[in-house]
There are 4 protein chains.
Amino acid sequence: MKADAPIFRWPVRVYWEDTDAGGIVYYANYLKFFERARTEWLRSLGLAQAELAAQAGLVFVVAEVHLRYAAPARLDDALQIQLRAQEFGAASLQVVQQAWLTDAQGAPGTLLCEATVRVGCVQSASLRPARIPADMRARINRWMTG
Amino acid sequence: MKADAPIFRWPVRVYWEDTDAGGIVYYANYLKFFERARTEWLRSLGLAQAELAAQAGLVFVVAEVHLRYAAPARLDDALQIQLRAQEFGAASLQVVQQAWLTDAQGAPGTLLCEATVRVGCVQSASLRPARIPADMRARINRWMTG
Amino acid sequence: MKADAPIFRWPVRVYWEDTDAGGIVYYANYLKFFERARTEWLRSLGLAQAELAAQAGLVFVVAEVHLRYAAPARLDDALQIQLRAQEFGAASLQVVQQAWLTDAQGAPGTLLCEATVRVGCVQSASLRPARIPADMRARINRWMTG
Amino acid sequence: MKADAPIFRWPVRVYWEDTDAGGIVYYANYLKFFERARTEWLRSLGLAQAELAAQAGLVFVVAEVHLRYAAPARLDDALQIQLRAQEFGAASLQVVQQAWLTDAQGAPGTLLCEATVRVGCVQSASLRPARIPADMRARINRWMTG
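A brief look at the structure comes next.

Quick notes on the rules
Residues numbered from 1 in each chain as written. Chains lettered and ligands numbered in written order. Predicted model: local features only at pLDDT ≥ 70, side-chain atom pairs only at ≥ 80, totals over all residues. Heavy atoms only, no water. Pairing = 2+ DSSP bridges. Helix = DSSP H or I, 4+ residues; strand = E, 2+ residues; numbered from the N terminus. Axes fitted to C-alpha atoms, helices over the stretch in contact; angles between N-to-C directions. Contact = heavy atoms within 4.5 Å. Salt bridge = Lys/Arg side-chain N within 4 Å of Asp/Glu carboxyl O. Polar contact = N/O pair within 3.5 Å; in protein donor to acceptor, adjacent residues only side chain to side chain. Expected span 1.5 Å × (residues − 1). Buried < 20%, exposed > 50% of the residue type's maximum accessible area, 1.4 Å probe, protein only. Buried area = accessible area lost by both parts, 1.4 Å probe. Nonpolar A, V, L, I, M, F, W, Y, C, P; charged D, E, K, R; others polar. Least-squares fit on C-alpha atoms with pLDDT ≥ 70 in both.

1. Quick word on the sheet that holds strand E1 (residues 8-13) of chain B
Sheets are built from strands paired through backbone hydrogen bonds, the pairs being either parallel or antiparallel.
And step 1. Judged by pairing direction, the sheet is antiparallel, and its 10 strands sit side by side in the order E1(B)-E3(B)-E4(B)-E5(B)-E2(B)-E2(C)-E5(C)-E4(C)-E3(C)-E1(C) without closing on themselves. Both edges of this open sheet fall to E1 of chain B together with strand E1 (8-13) of chain C, since each of them pairs with a single strand only. Each neighbouring strand pair of the sheet contributes to a mean axis angle of 30°, computed without reference to strand direction.
And step 2. Of the strands in this sheet, E1, strand E2 (58-69), strand E3 (78-88) and strand E4 (92-102) of chain B are in contact with helix H3 (residues 134-144) of chain B, which crosses E3 of chain B at around 110°.

This is the structure we're talking about:
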């Protein structure tokens, strides 16, 4: 991943539903935040997953995630989720995602959680690997190269 | 509902995932507990919902819920969910469900939450109302009359 | 509730996390959407719940909810959550909340779910009822009377 | 990890709440299943986390997770979660956890998801690393050595 790789940013607010009795965001919920950001990243490229499922019978499923938790987030915190594309194969995609606590100006301040996520394209009926459609590849490639 | 109506009981343990930063079970999660108990009640009558969906194309959807929260539950609490059938129509079913905190012997001690839940039987594709299959009606009726 | 009572509106997008195997939003998740909107409504009035908890030792807890489900929402749907204040007591508050499916222009089109929610103000340690602080009452009253 | 390391097993049933519109268990929810199994493993050793928090002011937080998804689980599936202790330090613990689909006899058949989870012991107020209490270390060591 080049230092100047494009970054997709998505804001997430911490609500009661996201926290646990330890007073912090429950560890599984970062996977929800990261999934929202991947969905919005695809949407920003003109790619709606509900359409992809209905029209091409394709779904993206997560094959592998490596999560490192650095600092806790709390109720009412405003987070910024960042996404960088890392590797891009015929039927899969690897992204790096980070959750940052933002400061009063909305700038990322403290790294909360970082994940490497490998996503595979599969047929929704059989869940067998499928090639990412050419148009989608083109859009992602265009975004990656700025 | 007769005082001696049969009661289905299902144990639920409170985990970190169920709590929020207030230190108590998040209010939406009682709906999860109640749904688990309805599913296990149907299963105890020999009715598996995944089968019902695959074979008859039918799903149960909740049409209305009235929830009253009486006392909070906390991490590690052992709950007992109770279910009584209240009304039983051609395409719908109304049940009363309660979440109780149990004591060390597993007996229900404190009422935590009570709900009246109306569930409709619908076609899974169109989500239009559908008659509850005769065999299912028979099994539920047999249970209700003890 | 007067027809011209002020309405607070909050957008919610449906993600994978919100849906279930029936292909629709899981019934408990509307309570999450409604809670987000209540939190953002209070925030819009200058009232942050994390501060309220830390400074005054007060939390809002839901005492009663009456939910009616009218139509299902699906993956990628853009919803608008609406909130109207209905009753306002010394230690409690009742609001009506609706989830609407929006059209391409973002206008509410189909009613998905409606809830009457009664919220009580309690001391966070004891969970005993507590008066809503005067400043908070004043802000909510000002909003209700437009 | 020795091949004959002791294994803790915990049953998990897949409910509607666990699934998504793809018809399979949502990827974040395996972290809930794994957390339930860790909690029950500690409970089986006489270690209740709510007590640990109240009496010693200590909480376990997840520092790192590596998740590999092998096959999907569906509504009504009966899973078995397995846990093996892998490394055991002064203030942290690493476990390997697997989710298996069980057959009609309840025996694990298909591997669904595997995770390596590193958990740290921290002070609940400051979230700073803390030594695992001696009694707890002794109980875990006893279990690990059979």
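So that's the structure; there's more coming.
2. Topic: the interface of chain D and chain A
And step 1. Contacts between the two partners involve 21 residues from chain D and, on the opposite side, 21 residues from chain A.
And step 2. The tally of links between chain D and chain A comes to 0 salt bridges.
And step 3. Remark: the boundary between chain D and chain A carries 12 residue pairs in polar contact (both at pLDDT 80 or more).
And step 4. Among the elements that make up the side of chain D that touches chain A, the one with the highest residue count is strand E2 (residues 58-69) of chain D (9 residues).
And step 5. Judged from the 5 bridges that link them, strand E2 (residues 58-69) of chain A and E2 of chain D form a sheet pairing that is antiparallel. When the sheet's bridge partners are listed, Leu67 of chain A is paired in E2 of chain D with Val65 of chain D.

3. Things to note about the environment of Gln98 of chain B
Residue and element names in this part refer to chain B.
And step 1. Within the secondary structure, Gln98 is located in strand E4.
And step 2. Residues Gln98 and Thr116, spaced 18 residues apart in sequence, show a C-alpha to C-alpha distance of 8.8 Å.
And step 3. In terms of polar contacts, Gln98 uses its side chain to reach the side chain of Glu114, at 2.8 Å.

4. Details of helix H1 (residues 29-44) of chain D
And step 1. Between its first and last C-alpha atoms H1 of chain D spans 23 Å; for 16 residues at 1.5 Å apiece the expected length is 22 Å, and the two agree.
And step 2. Within H1 of chain D, 14 of the 16 residues are buried, which leaves it mostly tucked inside the rest of the structure.

5. Re the pairing of strand E4 (residues 92-102) of chain D
All names here are of chain D.
And step 1. Counting buried positions along E4 gives 9 out of 11 residues, so the element sits mostly inside the fold.
And step 2. Pairing of strand E3 (residues 78-88) with E4, which is carried by 9 bridges, proceeds in the antiparallel orientation. Within the sheet, the bridge partner assigned to Gln82 lies in E4 and is Gln98.
And step 3. Two successive antiparallel strands, E3 and E4, enclose a turn made up of 3 residues.
And step 4. Bridging between E4 and strand E5 (residues 108-123) involves 11 bridges; their strand directions are antiparallel. In the strand pairing of E5, Val96 is matched with Thr116.
And step 5. Taking the residues that link successive antiparallel strands as the turn, the E4-E5 hairpin has 5 residues, and the phi of Gly106 there is positive, at about 85°.

6. A short note on the interface of chain A and chain B
And step 1. Each partner contributes residues to the interface: chain A has 8 residues there, and chain B has 8 residues.
And step 2. For the pairing of chain A and chain B, the buried interface totals around 710 Å² over both sides, and the portion due to carbon and sulfur atoms is 72%.
And step 3. Summed over the three residues of chain A that lose the most area to chain B, namely Trp16, Ala21 and Tyr26 of chain A, the buried surface amounts to 58% of that side.
And step 4. The interface formed by chain A and chain B includes 0 salt bridges.
And step 5. At the junction of chain A and chain B, the tally comes to 4 residue pairs in polar contact (both at pLDDT 80 or more).
And step 6. Its residues assigned to classes, the side of chain A that touches chain B shows 3 nonpolar, 3 polar and 2 charged.

7. Examining unusual backbone geometry
And step 1. One non-glycine residue, Leu127 of chain A, lies in the positive phi region at around 60°.
And step 2. In this structure, Asp76 of chain B takes a positive phi of about 80° despite not being glycine.
And step 3. Considering the arrangement of structural elements, one finds Asp76 of chain B in the loop between E2 and E3.
And step 4. Judged by relative accessible area, which is 11%, Asp76 of chain B ranks as buried.

8. Things to note about the relation of the copies chain A and chain B
And step 1. When chain A is fitted onto chain B, the two copies agree to an RMSD of 0.0 Å after a turn of 180° and an axial shift of 0.0 Å. Both copies of the chain, as the preceding transformation shows, are related through a two-fold rotation axis. Residues of chain A ranked by C-alpha distance from the rotation axis are headed by Asp20 of chain A, positioned 1.9 Å from it.
And step 2. The overlap is high: 100% of the interface residues of chain A also sit at the interface in chain B, so the same surface is used on both sides.

9. Remarks on the sheet that holds strand E1 (residues 8-13) of chain D
And step 1. As summarised here, the arrangement of the 10 strands in space is E1(A)-E3(A)-E4(A)-E5(A)-E2(A)-E2(D)-E5(D)-E4(D)-E3(D)-E1(D), forming an open sheet in which the pairing is antiparallel. Two strands bound the open sheet, and with one partner strand each, they are strand E1 (8-13) of chain A together with E1 of chain D. Averaged over all pairs of adjacent strands, the angle between strand axes in this sheet comes to 30°, irrespective of strand direction.
And step 2. Strand direction decides the pairing type here: E1 of chain D and E3 of chain D, joined by 6 bridges, are antiparallel. When the sheet's bridge partners are listed, Arg9 of chain D is paired in E3 of chain D with Gln82 of chain D.
And step 3. Contacting E1, E2, strand E3 (78-88) and strand E4 (92-102) of chain A, helix H3 (residues 134-144) of chain A crosses the sheet at an angle of about 110° to E3 of chain A.

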